[in-house]
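# Structural features, examined
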Amino acid sequence: MDSSIIADRRRLRRKLGFWRLIAVALIVALGFAFYRFALGDTGTERPHIAHVTISGLIVDDDELLERLKKVETSDQVKAAVISISSPGGTTYGGEKIFKAIRAISAKKPVVSDVRTLAASAGYMIATAGDTIIAGDSSITGSIGVIFQYPQIQPLLDKIGVSLQEIKSSPLKAEPSPFHEASEEAKAMIRNMVVDSYNWFVDLVADRRKLPRDEVLKLADGTIYTGRQALKVKLVDAIGGEAEIRAYLKSRGVDGDLPMVDWDKSNTPFLLAGAVSRLITIFGYDDLMKTQDINGILPPKLLLDGLLSVWQVGHD
């Protein structure tokens with residue numbers, strides 16, 4: 001092949017390589033520009049009241065804890081409203097979220113907004129706020145701790161399967177689903193439950209400024225409507241946004257400040273916010289709702305450890 005043709009081809013490849021780099025750079029730049037457009041102005045870069053929603057079963061949630069930490073450290077957040085709609089969850093998960101909200105309260109006012117349901121660990125979280133405002137017919141309370149484990153040995157007996165075990169000590173891996181728990185194992189679990197229960201009771205007594213004996217009378221697992229909870233001093237007021245803003249104004253927070261959602265899909269530090277906005281812009285939000293897989297498996301199957309959760313009984 002002629003050497004001049006080879007040289008021309010090399011020059012052409014270099015030019016193509018250069019323009020490919022330019023094209024990639026343009027695509028990246030356009031991507032960032034479109035991302036900013038899709039995300040929009042979330043309002044977090046100006047003074048505002050941060051609104052965080054905690055819903056569903058409570059677990060050890062690193063993303064939520066990170067979000068609460070950002071609320072705590074943001075100079076633009078002048079107050080926080082924590083809206084809770086939860087039947088509870090793991091005691092440890094509730095403990096970590098409680099501490100994260102108390103860290104916010106050390107720097108700025110925090111209102112706990114009890115929505116449809118804030119029971120057990122949900123109520124634990126609510127006590128972290130400086131004040132608790134609930135709806136008239138909201139459900140709260142259910143102060144207590146529970147430890148559950150299945151028994152599948154009767155099923156194994158029916159199908160002719162047995163399990164043999166050798167362990168280092170009688171209480172190792174107890175309680176077991178493969179045999180009835182011994183009295184020693186039951187005592188061990190009972191002591192653990194009672195210890196966590198006492199911690200929960202002390203926490204409520206401290207945060208609600210109630211005598212411990214009075215809290216013990218309320219902490220028998222009973223649930224209360226918002227009106228009932230107000231009478232027994234588990235919440236501070238009945239109401240909604242107007243009452244929340246009135247309280248914040250009494251704490252020196254400007255009543256005209258916007259309330260900005262710091263939820264997972266809207267926070268400025270998550271790409272998911274842009275994706276959510278894009279789906280809405282292009283009109284596919286209803287389609288995405290129909291594809292929600294959160295309800296496929298019962299969330300309680302994913303919980304592990306001591307639980308502070310209110311459950312409706314089954315006949």
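See the structure shown above.
This text gives an overview of the structure that appears in the document. Remember, it's a predicted structure, so these values are computed and weren't measured experimentally. (Residues numbered from 1 in each chain as written. Predicted model: local features only at pLDDT ≥ 70, side-chain atom pairs only at ≥ 80, totals over all residues. Heavy atoms only, no water.)

### Let's talk about the overall build of the protein chain
Counting its secondary structure elements, the protein chain contains 11 helices and 10 strands. Here the contacts in the protein chain between residues at least 6 apart in sequence split such that 77% fall between residues at least 24 apart. Accessible area of the protein chain: about 18,700 Å², with a carbon and sulfur share of 58%. (Helix = DSSP H or I, 4+ residues; strand = E, 2+ residues; numbered from the N terminus. Contact = heavy atoms within 4.5 Å. Areas by Shrake-Rupley, 256 points an atom, 1.4 Å probe, with all protein chains shown as cover.)

### As for helix 2 (residues 62-73)
For helix 2, built from 12 residues, the straight-helix expectation of 16 Å at 1.5 Å per residue is met to within 8% by its first-to-last C-alpha distance of 16 Å. Considering only its buried residues, helix 2 is in contact with strand 1 (48-55), strand 2 (77-86) and helix 3 (91-105). By the N-cap criterion, in which a side-chain oxygen at the helix start approaches the backbone nitrogen of a residue two or three places on, helix 2 is capped by D61, the distance to E63 being 3.1 Å. (Expected span 1.5 Å × (residues − 1). Polar contact = N/O pair within 3.5 Å; in protein donor to acceptor, adjacent residues only side chain to side chain.)

### Observations regarding the pairing of strand 2
For strand 2, the tally of buried residues reaches 8 of 10 residues, placing the bulk of the element in the interior. Taken together, strand 1, helix 2 and strand 2 constitute a β-α-β crossover, and its handedness is right-handed. Pairing of strand 2 with strand 4 (residues 110-119) involves 6 bridges; the strand directions are parallel. In the sheet register, S86 faces strand 4, and the bridge partner there is A118. (Buried < 20%, exposed > 50% of the residue type's maximum accessible area, 1.4 Å probe, protein only. Right-handed = clockwise from strand over helix to strand, strands pointing away. Pairing = 2+ DSSP bridges.)

### Looking at the side chain of S105
Along the chain, the position of S105 falls in helix 3. Polar contacts involving the side chain of S105 include one to the side chain of R102, which spans 3.1 Å. Leave out the neighbours within four places in its chain, and S105 touches V110, A128 and D130.

### Some points on unusual backbone geometry
Along the chain, E174 connects to P175 via a cis peptide bond; the corresponding omega equals 0 degrees. Along the chain, P175 turns up in the loop between helix 5 (153-159) and helix 6 (183-208). The phi dihedral of S120 is positive, around 55 degrees, even though this residue is not glycine. Positioned with a positive phi, S142 is a non-glycine residue whose angle comes to about 55 degrees. Mapping S142 onto the fold places it in the loop between strand 6 (139-141) and helix 5. For S142, a relative accessible area of 7% puts it in the buried group.

### Quick word on the pattern of salt bridges
Tallied over the full model, the rule gives 15 salt bridges. Between E63 and R67 there is a salt bridge whose closest N-O contact spans 2.7 Å. Placement of both E63 and R67 in helix 2 is noted, with a separation of 4 residues, approximately one turn of the helix. Classification of E63 by relative accessible area gives buried; the value is 18%. Classification of R67 as buried rests on a relative accessible area of 5%. The shortest N-O distance in the salt bridge between R115 and D113 comes to 2.5 Å. Taking relative accessible area as the criterion, R115 reaches 41% and is therefore assigned partly exposed. Classification of D113 by relative accessible area gives buried; the value is 4%. In this structure, a network of salt bridges that share partners links the residues K69, E72 and K107. (Salt bridge = Lys/Arg side-chain N within 4 Å of Asp/Glu carboxyl O.)

### A few points about a nonpolar patch on the surface
A cluster of nonpolar side chains, contributed by I152, L155, I159 and V161, occupies part of the molecular surface with about 340 Å² of accessible area. By the element assignment, I152 lies in the loop between strand 6 and helix 5. (Patch = residues over 30% accessible without salt bridge, like charges linked within 9 Å, V, L, I, M, F, W, Y side chains within 5 Å.)

### Thoughts on helix 6
The terminal C-alpha atoms of helix 6, which comprises 26 residues, lie 37 Å apart, in line with the 38 Å expected from a rise of 1.5 Å per residue. For helix 6, every residue scored as buried is listed here: A185, I189, V193, S196, Y197, F200, V201, L203, V204, A205, R207 and R208. Downstream of helix 6 by one or two residues, K209 has phi in the positive range, about 55 degrees.

### Focus on the environment of N198
Tracing the sequence through the fold places N198 in helix 6. Taking C-alpha positions, N198 is 8.9 Å from G144, a pair spaced 54 residues apart along the chain. Within polar-contact distance, the side chain of N198 engages the side chain of R212 at 3.2 Å.

### Overview of the packing of aromatic side chains
Taken as a whole and judged by the stated rule, the model has 1 aromatic pair. Taken together, a centroid distance of 6.4 Å and an interplanar angle of 50 degrees make the contact between F147 and Y149 tilted. Its relative accessible area of 26% is what places F147 among the partly exposed residues. A relative accessible area of 33% places Y149 in the partly exposed class. (Phe/Tyr/Trp six-rings, centres within 6.5 Å; stacked < 30°, edge-to-face > 60°.)

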